[in-house]
Amino acid sequence: MNNHSAVTTWNHVLEEIRRTIAPKIYSTWFVPIKAVDLDGNILTLEVPNEFFLSHLESNYLNQLKEAIRKILGPRAKLEYRLAVDDYKKPGKNKSQKSDSSSNAYEDPSNIKNPFVIPGIRKYVIESNLNPRYLFDNYIEGHCNRVARQAGIQIANKPGDLFNPLLVYGDTGLGKSHLLQAIGNAVLKKHPKLQVLYLTSDQFTNKFIQAIRNNSTNDFAMQFQHLDVLLIDDIQYFAGKAGTQEMFFHLFNQLHQSKKQIVLSSDKAPKDLKEIDDRLISRFKWGASLELLSPDYETLMAILISKCEEKDLQLEPSIMELLCHNLKQNIRELEGIIVNLKLQSSLNQVLIDSKLVKEVLASFSNKVSTEVSIESITNIVSEQLQVPLASILGKGRKRNIVQARQLSMFFSKKFTNKPLATIGMAMGGKDHSTVIYSCEMVETLQETDQDFHDMTKKLEKIISKTLGVK
C-alpha cells in the first residue's frame, strides 16, 4: 500500500483532467475524490457514493481513461472505494473495479441502482407543503380545467397517469397552488406516501450545500424514498449544469420506479432555454398542460372566494373594477384584498372606486378606469377615422367593415364579455358574426403585413388609454 504515491499520482491525473473540462465541473465531480492506494498500475480512489461513481463514469469516462493512461501507462487500472461506511454493515466495505483496457471499465451500467445501498437508513421527509393550497379553493374554469382534473387524477393514483405532469403559464396563474394542491391531496388520500415540494431554487441551494458539506450522498438518498416529487419553476435550472445533471439522474430513478413527478414552468418544454436536451425530452414523456389567463367569470368566482375567505364584502362595481385590472395576475389578488381591508379598517372608510384605484396603483402602474365595448369602439373609431355610427350601423364599405371587425376583436380580447353581448353592442349582430370577425382579423394579421402593423399599433393605443394588457 502506498498512500503517498497514490496521492501524487492522482494529483498528476487531476492536472491532466483540469485542462479538458470546465472549472465548475472539475470542482463538483473531481475535487471530492481521494486517492487511497497505488499498487503497481492499480490506483484506488475513494468516491462519496455510488451515485457519484455512476455519474462520473457515465459522463467523464474518456477524460479519466486518457489521463490515467498518460500517467500510469496503457494497462492502468482503477479501483473505487465508497466513502459511505455509515450506511453499510460494519466490515462490509464495498468497492468497484474498473480496467481501462477492458470493456468492464467502459460499462457503468453494472451499477444497477446508483441510489440503493444496502442497510441505508430510512429518511423522514418533510413535505414542505402549504396546507392552505387545496383543490377545494382552486377555482376551476376554462383556463385551468384540464390541468386541475389531471392533478386530481394524479392524487388518486400517483405514478399511474401523466408522469411527469408539467404545467406551464405566465406568472400568477396558479401553478404553485396546483402543485401543492396535488401534494396535499396525495397525503390526504395516501397518508403513508412520501411527498416533497421544492422550488427549483430550493433544490439548487440544497444541492450546493450538499457539495460544500461533502454530503451529496445524503442529498441523493433522500429522493430514493419519495413517492411524489413536486418541483416549481424549473426554468430557473437554466445554465446550472451541475444541478441539471443531478436532477437528470434523480428524475430517471424516480420515473423508473414509477414514482410521480410534477413540474411547473413559465414556458412549454420546447421553449425552455439553457436546459439540457435530455431533460427536455423527459419533460415530454408525460403531459404538458398550459394554464391560461382566467376569463371574466372565472376571475369573478376567484375574487368572490377570496373575499369570503377574508370576510370582506365588496360592491359588484368594485369587484368588476378589480377583475378588469387583474385578469393577467391572480397572485396579486389576495394581496390587494388584504390591503383593501387594512386601509378600510385603519382609515375608517368605505371601499370605493377611489380606494381601489389607490391600492391597485401600489401594485401596478396600469389602472383601468373603464374597460368596455363602447370605450374600445370609440378608440377604434377615432384612430381609423370611421364614424362611430357607421361602425354600429350596417354599412358594407371595406373601411367600415374592417373597423367593425377590429372593434369586435379587441372587445373580445380586452373585456371578456360574452360574444352575444359584443354582437349586440355592434348594432345587434349575433355571436357567429363576432366569431367570423375575430377569425378574419387573425387571418389578415398573418397574411397582410400592413394590416398586422396597424392592428399592433392600435392595440398599443387601446392598452395605454384604458390601462389594460
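Quick caveat: nothing in here was measured; it's all calculated off a predicted structure. Within each chain, residues carry numbers counting from 1 in the order of the written sequence. Note on the predicted model: pLDDT of at least 70 is required for a residue's local features to be given, and 80 or more for side-chain atom pairs to be given and counted; whole-chain, interface and lining totals, by contrast, use all residues. Computation of side-chain values: all heavy atoms of the structure, hydrogens and water removed.

**Side note on helix α9 (residues 241–256)**
Note on conventions: DSSP H or I runs of at least 4 residues are helices, E runs of at least 2 residues are strands, and numbering of each starts at the N terminus. Take the residue count of a helix, subtract one, and multiply by 1.5 Å to get its expected span. Counted at 1.5 Å a residue, the expected span for α9 with its 16 residues is 22 Å, and the 23 Å between its end C-alpha atoms agrees. The element α9 is largely enclosed, with a buried count of 13 among its 16 residues. Immediately downstream of α9, the backbone of Lys258 shows phi near 60 degrees, a positive value. Categorising residues by exposure relies on relative accessible area from a 1.4 Å probe, with only protein chains included: less than 20% of the type maximum marks a residue as buried, more than 50% marks it as exposed, and the intermediate range marks it as partly exposed.

**Comments concerning the environment of Ser265**
Within the fold, Ser265 resides in strand β8 (residues 260–265). Here Ser265 falls in the buried class, since its relative accessible area comes to 0%. Along the primary structure Ser265 and Ser176 are separated by 89 residues, whereas in three dimensions their C-alpha atoms are 9.8 Å apart. Contact definition: two residues touch when any of their heavy atoms are within 4.5 Å. Ignoring sequence-local partners within four residues, the contact set of Ser265 consists of Leu166, Val167, Tyr168, Gly169, Lys175, Ile234, Gln235 and Leu272. For this analysis, a polar contact is any N or O atom pair within 3.5 Å, provided that within protein one partner can donate a hydrogen and the other can accept it, and provided that sequence-adjacent residues contribute only side-chain to side-chain pairs. A distance of 3.0 Å separates the side chain of Ser265 from the backbone oxygen of Lys267, its partner in a polar contact.

**As for helix α13 (residues 331–347)**
Taking 1.5 Å per residue as the helical rise, α13 with its 17 residues ought to reach 24 Å, and the 25 Å between its terminal C-alpha atoms agrees with that figure. Residues of α13 that are buried in the fold lie against α11 (296–309), α12 (316–326) and α14 (353–363). Just beyond α13, the residue with positive phi is Gln348, at close to 55 degrees.

**Observations concerning the environment of Arg81**
The topology assignment puts Arg81 in strand β3 (residues 77–82). C-alpha separation for the pair Arg81 and Asn49, spaced 32 residues apart in sequence, amounts to 8.6 Å.

**Some thoughts on the pattern of salt bridges**
When the charged atoms of two side chains lie near each other, side chains of opposite charge can form a pair. Any Lys or Arg side-chain nitrogen found within 4 Å of a carboxyl oxygen on Asp or Glu counts as a salt bridge. Under the defined criterion, the tally for this structure stands at 16 salt bridges. With its nearest N and O atoms 3.2 Å apart, the salt bridge here joins Glu309 to Arg132. Within this pair, whereas Glu309 is found in helix α11, its partner Arg132 is found in the loop between β4 (95–99) and α5 (145–156), the two being separated by 177 residues in sequence. What makes Glu309 partly exposed here is its relative accessible area of 38%. Since its relative accessible area comes to 38%, Arg132 is described here as partly exposed. For Asp266, the salt bridge identified is with Lys267, shortest N-O distance 3.2 Å. Looking at Asp266, the relative accessible area reads 28%, which means it is partly exposed.

**A few points about the packing of α13 against α14**
Put simply, α13 and α14 touch, their axes get as near as 10 Å, and they point 135 degrees apart. It follows from the interaxial angle that α13 and α14 lie oblique. Viewed along their axes, α13 and α14 form a crossing whose handedness is right-handed. In this structure, α13 uses Glu332, Gly335, Ile336, Asn339, Leu340, Gln343 and Ser344 to contact α14, whose residues at the interface are Leu355, Val356, Val359, Leu360 and Phe363. Inter-axis angles, ranging from 0 to 180 degrees, are taken between N-to-C directions of lines fitted to C-alpha atoms, where helices are fitted over the stretch in contact. Should an angle fall under 35 degrees it is called roughly parallel, over 145 degrees roughly antiparallel, and 65 to 115 degrees roughly perpendicular, with every other angle called oblique. By definition, turning the near helix anticlockwise from the far helix through less than a right angle yields a left-handed crossing, and turning it clockwise yields a right-handed one.

**Observations regarding the nonpolar core**
Membership of the largest hydrophobic core comes to 29 residues, with the highest contact counts inside it found for Phe203, Phe223, Ile231, Phe247 and Phe283. Those elements giving two or more residues to this core turn out to be β5 (165–168), β6 (195–199), α7 (200–212), α8 (216–224), β7 (228–232), α9, β8 and α10 (277–283). Top contributing element to this core by residue count: α9, with 6 residues. Other than its neighbours up to four places away in sequence, Phe283 contacts Pro164, Leu166, Ile234, Phe247, Phe251, Leu263, Pro269, Leu272, Ile275 and Ser288. Ile17, Val47, Leu56 and Tyr80 belong to the second largest nonpolar core, which has 26 residues in total. Take the buried residues of types Ala, Val, Leu, Ile, Met, Phe, Trp, Tyr and Cys, join any two whose side-chain atoms come within 4.5 Å, and each joined set is a nonpolar core.

**So, the packing of helix α15 (residues 373–384) against helix α17 (residues 398–415)**
Between α15 and α17, the least distance of the axes is 9 Å, while the angle of their chain directions is 140 degrees. Put simply, α15 runs oblique to α17. Where α15 crosses over α17, the two elements pack in a sense that is right-handed. Residue-level contacts link Ile373, Ile376, Thr377, Val380 and Leu384 of α15 to Ala403, Leu406, Ser407, Phe410, Ser411, Phe414 and Thr415 of α17. Grouping the constituent residues of the contact of α15 with α17 by class yields 8 nonpolar, 4 polar and no charged. Three categories are distinguished: nonpolar for Ala, Val, Leu, Ile, Met, Phe, Trp, Tyr, Cys and Pro, charged for Asp, Glu, Lys and Arg, and polar for the others, with Gly belonging to the last.

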